[in-house]
Structures are given as structure tokens and as C-alpha cells.
Amino acid sequence: MAIPTPDIAEQIISTLINNRLAAAAHLVGPITSVYWWRGEINRAEEWLLVVKTTAERFDELAGVIRELHPYEVPQIVAVPLVAGTADYLEWIRRETSPEPGV
């Protein structure tokens, strides 16, 4: 998702990680975004936030992002994971479990 400032991204990351909604997050930027909004082409400097979670935690994660994100329509999407090593996928599942260590 695109975030307007690194400070807002850090707030979102901290909330997601502290509430075990994400196992990890990567903040990349600045990036240049070019997009349509309300009939006009816009250009903005933003930061890209990539979050690692499970399908089971997605809806709750999306709800928290909506609360914290300043955009009217934030980019909250899930990209299908077609493969991954068993130990990495288990780490994501374990770290996003509502009960730590489960």
C-alpha cells in the first residue's frame, strides 16, 4: 500500500506488528506514484508498505489500516501466494496467531 509519509507508515507498522496482525512489514521509499483521482492524473511522493500476514487475519488487518490510513481510499490488497518454503510460511502463521507461540 502507498503511504503519504514515513511517520504514518511507522504508526501503521507498529500497530499491525504489536497486535500480531502482521509477521513483518517492509517500508520502501520514497517512491513516485502516478494515478487517477477524481478525474485528474496526480503525481505524489509516497512510501510503499508491504505487509506479511495470513488470509485468516486479512479482514482484521484491513480494518486497522482503514482506521489509521489518512487516504479516503487506501490501497489495501492481498496478493495470492502461490508458493513458499514451509518454514517461512509457518513462521508467518505462528507470528500472526492471536495466541503467541501457537
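Figured I'd write up the structure that's included with this text. Each residue is numbered by its place in its chain's sequence as written, counting from 1. This being a predicted model, a pLDDT of at least 70 is required before a residue's local features are given, and a value of 80 or more before pairs of side-chain atoms are given or counted; all residues contribute to the totals for chains, interfaces and linings. Computation of side-chain values covers all heavy atoms of the structure but excludes hydrogens and water.

Concerning the overall build of the protein
Phase 1 of the analysis: For the purposes of this entry, the term helix denotes a DSSP run of H or I that reaches at least four residues, the term strand denotes a run of E that reaches at least two, and both are numbered from the N terminus. Helix and strand counts for the protein come out as 3 helices and 3 strands.
Phase 2 of the analysis: Each helix (α) and strand (β) of the protein, taken in turn from the N terminus, gives the series β-α-β-β-α-α.
Phase 3 of the analysis: For the protein, the spread of C-alpha atoms along the three principal axes comes to 45 × 25 × 20 Å.
Phase 4 of the analysis: For every residue, the accessible area (1.4 Å probe, protein chains only) is compared with the maximum for its type, and the residue is labelled buried under 20%, exposed over 50%, or partly exposed between those bounds. The buried share of the protein, taken over its 102 residues, is 28%.
Phase 5 of the analysis: Should any heavy atoms of two residues lie within 4.5 Å, those residues are counted as being in contact. Counting contacts in the protein only where the partners sit at least 6 residues apart, residues at least 24 apart contribute 64% of the total.
Phase 6 of the analysis: Areas reported as accessible are Shrake-Rupley estimates using a 1.4 Å probe. Residue values count occlusion only from the protein chains shown. Summed over its atoms, the accessible surface of the protein is roughly 6800 Å², and 55% of this surface lies on carbon and sulfur atoms.
Phase 7 of the analysis: Each charge sign in the protein was given a centre, from 8 positive and 14 negative side chains, and these centres are 3 Å apart. As used throughout, the charge tally considers Lys and Arg to be positive and Asp and Glu to be negative, leaving His and the chain termini uncounted. Where a charge sits is defined by one atom per residue type, namely NZ (Lys), CZ (Arg), CG (Asp) or CD (Glu).

So, the packing of aromatic side chains
Phase 1 of the analysis: Any Phe, Tyr or Trp ring, taking Trp's six-membered ring, that has another such ring centre within 6.5 Å forms a pair; planes under 30 degrees apart are called stacked, those over 60 apart edge-to-face, and the others tilted. The full count for this structure, using the stated rule, is 1 aromatic pair.
Phase 2 of the analysis: With a centroid separation of 5.5 Å and 35° between ring planes, the pair formed by Tyr-88 and Trp-91 is classed as tilted. With Tyr-88 and Trp-91 both in helix H3 (residues 86–95) and 3 residues apart, this pair spans about one turn of that helix.
Phase 3 of the analysis: You can call Tyr-88 partly exposed: its relative accessible area is 35%.

So, unusual backbone geometry
When glycine is set aside, most residues are seen to have a negative phi, and most peptide bonds are trans.
Phase 1 of the analysis: Going from Gly-29 to Pro-30, the amide bond is cis rather than trans, its omega being 5°.
Phase 2 of the analysis: The residue Pro-30 is located in strand E2 (residues 24–37) in this model.
Phase 3 of the analysis: You will see that Arg-20, though not glycine, has its phi angle at about 60°, which is positive.
Phase 4 of the analysis: Checked against the element boundaries, Arg-20 lands in the loop between helix H1 (6–18) and E2.
Phase 5 of the analysis: Phi angles above zero are rare outside glycine, and Arg-38 is one such case at about 55°.

Some thoughts on the pairing of E2
Phase 1 of the analysis: Pairing analysis gives 12 bridges linking E2 to strand E3 (residues 40–52), with the strands arranged antiparallel. Counted as the bridge partner of Ala-24 is Lys-52 from E3.
Phase 2 of the analysis: Linking E2 back to E3 in an antiparallel pair, the connection comprises 2 residues, with Arg-38 at a positive phi of about 55°. Strand pairing requires that DSSP identify at least two bridges connecting the strands.

A few points about H1
Phase 1 of the analysis: Taking 1.5 Å as the rise per residue, H1 with 13 residues should run 18 Å; its terminal C-alpha atoms sit 18 Å apart, in good agreement.
Phase 2 of the analysis: Looking at the buried residues of H1, the elements they touch are strand E1 (2–3), E2, E3 and helix H2 (58–68).
Phase 3 of the analysis: After H1 finishes, the residue Arg-20 shows a positive phi value of roughly 60°. The length a helix should cover is 1.5 Å for every residue beyond the first.

Concerning the layout of surface pockets
Phase 1 of the analysis: Using a grid of 1 Å spacing that covers the protein atoms alone, one calls a set of points a cavity when a 1.4 Å probe fits there but cannot get out, and a pocket when the set is open and has protein on both sides within 12 Å along at least five of seven lines; lining residues are those with an atom within 4 Å of a point. Grid points are joined across faces, edges and corners, and a volume is the space filled by probe spheres set on the points. Estimated volume of the largest pocket: approximately 730 Å³.
Phase 2 of the analysis: Considering the residues around the largest pocket, the lining is formed by 26 residues, among which Val-51, Lys-52, Thr-53, Ala-78 and Val-79 are closest to the centre.
Phase 3 of the analysis: Contributing elements (two or more residues each) for the lining of the largest pocket: E3, H2 and H3.
Phase 4 of the analysis: Of all the elements, H3 adds the most residues to the lining of the largest pocket, at 5 residues.
Phase 5 of the analysis: In this structure, the second largest pocket occupies an estimated 270 Å³ of space.
Phase 6 of the analysis: Every residue lining the second largest pocket is listed: Ala-2, Ser-33, Tyr-35, Trp-36, Trp-37, Glu-46, Tyr-71, Glu-72, Val-73, Pro-74 and Gln-75.
Phase 7 of the analysis: Here the lining of the second largest pocket gets 4 residues from one element, more than from any other, and that element is E2.
Phase 8 of the analysis: Under the convention adopted here, Pro, Cys and the residues Ala, Val, Leu, Ile, Met, Phe, Trp and Tyr are nonpolar, Asp, Glu, Lys and Arg are charged, and Gly plus all remaining residues are polar. Along the lines of polarity and charge, the residues of the lining of the second largest pocket split into 7 nonpolar, 2 polar and 2 charged.

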